[in-house]
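The chain contents come next:
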Amino acid sequence: MMALALCQSAKVAAQEQGEWVGTWAAAAEYTGKQDMPKEPLTGRALREIVQVSIGGDCLRLRLSNEFGGQPVEIKAVFIADALDSCDIAVKSAKYLSFGGKRNVTIQPGQCAWSDVCKFQLKPLQRLAVTINYGQTPEHATSHRGSRTTSYIIQGEAKPKTSFAQGERVDHWYNIAAIDVPAGDYRCLAVLGNSITDGRGSTTNLQNRWPDIMSQTLQKTYGQQVGVLNLGIGGNCVLAGGLSEPALKRFDRDILGQNGVTDVIIFEAINDIGGSKGRSEKVANDLIEAYKQFIKKVHDRGMRVFLCTITPYGKSFYDDTLFKEAARQTVNNWIRTNKEADGFIDFDELMRDPEHPAQLREDLQEDWLHPNAKGYEVMGEFAAKCLAK
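Treat the numbers as computed from the prediction; the structure is a model and nothing was measured.

(A) Region of the structure containing the overall build of the chain. When helices and strands are tallied, the chain shows 10 helices and 22 strands. Taken against the 2.2 N^0.38 rule, which gives 21 Å for 388 residues, the C-alpha radius of gyration of the chain at 21 Å falls within 12% of a compact globule. Overall size of the chain, expressed as C-alpha extent along the three principal axes, is 60 × 45 × 35 Å. Looking at the chain residue by residue over its 388 residues, the buried ones come to 60%. Here the chain contributes 45 positive and 47 negative side-chain charges, whose respective centroids are spaced 5 Å apart.

(B) Just the environment of L41, in detail. With respect to the helices, strands and loops of the structure, L41 is situated in the loop between β2 (29–30) and β3 (44–51). Under the relative-accessibility criterion, L41 is labelled buried at 2%. In this view, L41 contacts Y133, G134, T136, I152 and Y173; residues no more than four positions away in its chain are not counted.

(C) Representation of the pattern of salt bridges in the model. By the definition in use, this model includes 26 salt bridges. Among the ionic pairs, R147 bridges to D197, the shortest N-O distance being 3.7 Å. Taken together, the residues R147 in the loop between β11 (141–143) and β12 (150–154) and D197 in helix α3 (residues 194–197) connect sequence positions 50 residues apart. Among the residues examined, D197 registers a relative accessible area of 4% and is labelled buried.

(D) Main features of the packing of aromatic side chains. In the structure shown here, the tally under the stated rule is 9 aromatic pairs. Judged by centre distance (6.1 Å) and plane angle (70°), the ring pair of W209 and F266 falls under edge-to-face. Residue W209 is found in helix α4 (residues 209–219), and its partner F266 is found in strand β18 (residues 262–266); the two are separated by 57 residues along the sequence. What makes W209 buried here is its relative accessible area of 0%. Measuring from centroid to centroid gives 4.5 Å for F316 and Y317, while their planes differ by 55°, and the two rings are tilted. The exposed category is assigned to F316, whose relative accessible area is 60%. On the basis of relative accessible area, Y317 is assigned to the buried category, the value being 12%.

About the thresholds
Residues numbered from 1 in each chain as written. Predicted model: local features only at pLDDT ≥ 70, side-chain atom pairs only at ≥ 80, totals over all residues. Heavy atoms only, no water. Helix = DSSP H or I, 4+ residues; strand = E, 2+ residues; numbered from the N terminus. Rg over C-alpha atoms; globule rule 2.2 N^0.38 Å. Buried < 20%, exposed > 50% of the residue type's maximum accessible area, 1.4 Å probe, protein only. Lys, Arg positive; Asp, Glu negative; His and termini not counted. Charge placed at Lys NZ, Arg CZ, Asp CG, Glu CD. Contact = heavy atoms within 4.5 Å. Salt bridge = Lys/Arg side-chain N within 4 Å of Asp/Glu carboxyl O. Phe/Tyr/Trp six-rings, centres within 6.5 Å; stacked < 30°, edge-to-face > 60°.

See the structure below:
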């Protein structure tokens, strides 16, 4: 088989039978005009940078056209070790294949996995993925909140091609997941909203709280753990918000990842914040949604950890005491329920002891989202809670 010719080992032979674990992932979204490049991606080359969690001697890449209305024509994709900005280590570049060919067309609503590629992927390294496009949809499948700059140039790119003068956008397009050979790894899939997606973190520094958790688990606790950030800015659990609500996307974005052993659920603040006149019902519906998630996770033999909802006092959501009562109701259930495998008390960690309905001033960006220091505190705390 082509994949086995690329990477000869008993371990990789097992991967061909489906034994994979995720090292990076992003939740796919429909892309409106405001989040598209200035010009269509058709006939252009795109370089995207990601930071993986665990390493391996082989990998495969999943590309998504799940929200595109027309096919995505891809002429070629190559990966390489990322250097500063848009630069890559040219000698590390490897072209990916799809069914033995460099080109692939992904139909609307579909995904495509690359063949296995031999590549020495290091834990926590930054990886560049360069895509040469043919025809593309008017609206791409993307992840809007990349917190990482992507680079776009006209024409076809090769490993030595410079992107220095290209268009720069802080979005990811079409890339959806990277898997490595499964080993004795845990893999944590995180469901969340903008706080997990990293609103308030530092662009290109990979300092969202799941990033810090991944780094801390490895560097402080010596544990190689896959961490998959499936947060979406503005997302809700029940309905409304931005992109598909968690109740609809959970099976695809969380249960659809490979090698997951633990699920972390940290989402509901937008449901409560937008619960005008319905706070009590929203709180009860959130608890029922959590119960659904827990059952689905346990049915697959995985563990699930719930995170308490952080304060939002002084933010634009802070307009009625009923919302705060709903937050307290949900948090109390998270702390006392016997169904989940544990909880991470971000509320207690981040709240101001003198004003418990507010975030600590030194850890907040806009009284709703943490700042970079807040994310560091959250990530280190989550790692401590989850370390074996």
